[in-house]
Amino acid sequence: MSAATAVAVYESMQVNSYDELVESHASLVKRIAHHLLLRLPASVQVDDLIQSGMIGLLEAARKFDDSKGASFETYAGIRIRGAMLDEIRKGDWVPRSVHRNARRVSNAIKAVEDRSGRDAHDKEVAEELGVSVEEYASMLQDTAGGRLFGFDDIAGAEDTISEGFNGPRAGPFEEVSDDSFQTHLAEAITLLPERERLVLALYYDEELNLKEIGAVLGVSESRVCQIHTQAAARLRSRLEEWR
């Protein structure tokens, strides 16, 4: 076989592998789109999420390196979700008041826990904010409706996902820093109140939707949303030094 023929065969194999990866994981795009849609305003269309997610899948198939140890599905899932979130952020649909409330809740939780040395309770956080428990629940609900939360964006800016998964590394220090953050994040999650840990596990690991989680816990979807948002705020407050 000539060198030219060998190159042609290799390139053909690469194309076939690429096409197979994309075709076999197209359903992953739809699954992630519908999962994210549950946390988004009605103005966001699932078809738009799927379209941007397919771009993420194509990028993942093009850049995937199986020598790194991660499965393609894990790698592609991160790229797909990142592409969807990037597209949503371009719409800038999150009101500034939502960002302000998210910061206020995180700061209030941190203040209470710094004083008490234990998990902050809803009533204590509400008192720290100067609002009623009902108003605090409403703040959590509003924040959940306008805030996308993923484990990889806790250390970033208030509505920006870390480039650690979706962009190039700047150097070895960033890789060490990211690994260290992931370790601290894992530890912080284990220290969350039991119900918050369970909600995060069911949502992110088991990929249950809010209604399904509510059935497991015996609470309403809105309460699951509040628990999820409070868990996110608690993690942000405890990982403040990584911002």
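Residues numbered from 1 in each chain as written. Predicted model: local features only at pLDDT ≥ 70, side-chain atom pairs only at ≥ 80, totals over all residues. Heavy atoms only, no water.

### Observations regarding the packing of aromatic side chains
The full count for this structure, using the stated rule, is two aromatic pairs. Each ring, one from Phe-64 and one from Tyr-75, has its centre 5.7 Å from the other, and the planes form 40°; the classification is tilted. Pair noted here: Phe-64 is in the loop between helix H3 (46–63) and helix H4 (72–90) and Tyr-75 is in helix H4, with a separation of 11 residues, a long-range link. Since its relative accessible area comes to 23%, Phe-64 is described here as partly exposed. (Phe/Tyr/Trp six-rings, centres within 6.5 Å; stacked < 30°, edge-to-face > 60°. Helix = DSSP H or I, 4+ residues; strand = E, 2+ residues; numbered from the N terminus. Buried < 20%, exposed > 50% of the residue type's maximum accessible area, 1.4 Å probe, protein only.)

### A few points about the nonpolar core
Counting 20 residues, the largest nonpolar core has Leu-49, Leu-57, Phe-72, Ala-76, Ile-80 and Met-84 as its most contacted members. Of all the elements in the fold, those that place two or more residues in this core are helix H1 (3–24), helix H2 (26–37), H3 and H4. Ile-109, Val-112, Tyr-136 and Met-139 belong to the second largest nonpolar core, which has 12 residues in total. (Core = buried A, V, L, I, M, F, W, Y, C linked by side-chain atoms within 4.5 Å.)

### Here we look at the pattern of salt bridges
Oppositely charged side chains may form a pair once their charged atoms are brought near each other. Here the structure, examined in full by the defined rule, presents 12 salt bridges. The partner of Arg-118 in a salt bridge is Glu-124, and the shortest N-O contact between them spans 2.5 Å. A salt bridge links Arg-234 to Glu-196; the nearest nitrogen and oxygen atoms lie 2.8 Å apart. Of the two residues, Arg-234 sits in helix H12 (residues 221–238) while Glu-196 sits in helix H10 (residues 194–205), which places them 38 residues apart along the sequence. One exposure class covers both Arg-234 and Glu-196, and it is buried. Taken together, the shared-partner salt bridges connect Glu-113, Asp-119, Glu-196, Arg-234 and Arg-238 into one network. (Salt bridge = Lys/Arg side-chain N within 4 Å of Asp/Glu carboxyl O.)

### Remarks on H10
Its 12 residues place the ends of H10 16 Å apart at the C-alpha level, agreeing with the 16 Å of an ideal helix rising 1.5 Å per residue. What H10 keeps buried is the set Glu-196, Val-199, Leu-200, Leu-202 and Tyr-203. On an axial view of H10, the arc spanned by its buried residues comes to 165°, and they lie on one face. Set apart from the buried face of H10 by more than 90 degrees, the exposed residues are Glu-194 and Asp-205. Along its buried surface, H10 packs onto H2, helix H11 (210–217) and H12. (Expected span 1.5 Å × (residues − 1). Arc of directions from axis to C-beta. Contact = heavy atoms within 4.5 Å.)

### Considering the confidence of the model for the chain
Of the residues in the chain, 71% have a pLDDT of 70 or more, and the chain-wide mean is 75. For the stretch residues 3–14, pLDDT sits under 50, and the model shows one contact to residues farther than four places along the chain or on other chains. Here residues 147–177 scores under 50 on pLDDT; set against residues more than four positions off or in separate chains, the count is 59 contacts. (pLDDT = per-residue confidence, 0-100.)

### Considerations on empty space enclosed by the protein
Over the atoms rolls a probe the size of a water molecule, and in doing so it shows where empty space is left. Throughout the structure, instances matching the rule amount to two cavities of 30 Å³ or more. Estimated volume of the second largest cavity: approximately 40 Å³. Elements with a contribution of two residues or more to the lining of the second largest cavity: helix H5 (96–116), helix H7 (133–145) and H12. Top contributing element to the lining of the second largest cavity by residue count: H12, with three residues. (1 Å grid on protein atoms, 1.4 Å probe; cavity = no way out; pocket = protein on both sides within 12 Å on 5 of 7 lines; lining within 4 Å. Points joined across faces, edges and corners; volume = space filled by probe spheres on them.)

### As for the packing of H10 against H12
The angle between the axes and the distance between the axes are what describe a pair of packed helices. Direction vectors running N to C along H10 and H12 enclose 105°, while the axes themselves pass 9 Å from each other. It follows that H10 is roughly perpendicular to H12 by the angle criterion. Contact residues: H10 offers Arg-195, Glu-196, Val-199, Leu-200, Tyr-203 and Tyr-204, while H12 offers Val-224, Ile-227, His-228, Gln-230, Ala-231, Arg-234 and Leu-235. Per-class residue counts for the contact of H10 with H12 are eight nonpolar, two polar and three charged. (Axes fitted to C-alpha atoms, helices over the stretch in contact; angles between N-to-C directions. Parallel < 35°, antiparallel > 145°, perpendicular 65-115°, else oblique. Nonpolar A, V, L, I, M, F, W, Y, C, P; charged D, E, K, R; others polar.)

### Side note on the packing of H10 against H11
At a minimum axis distance of 10 Å, the contact between H10 and H11 shows a crossing angle of 140°. Here H10 lies oblique to H11, going by the angle between them. By crossing handedness, the relation of H10 to H11 is classed as right-handed. Contacts from Arg-195, Leu-198, Val-199, Leu-202 and Tyr-203 of H10 reach H11 at Leu-210, Ile-213, Val-216 and Leu-217. Residue classes in the contact of H10 with H11 are distributed as eight nonpolar, no polar and one charged. (Left-handed = near helix turned anticlockwise from the far one by under 90°.)

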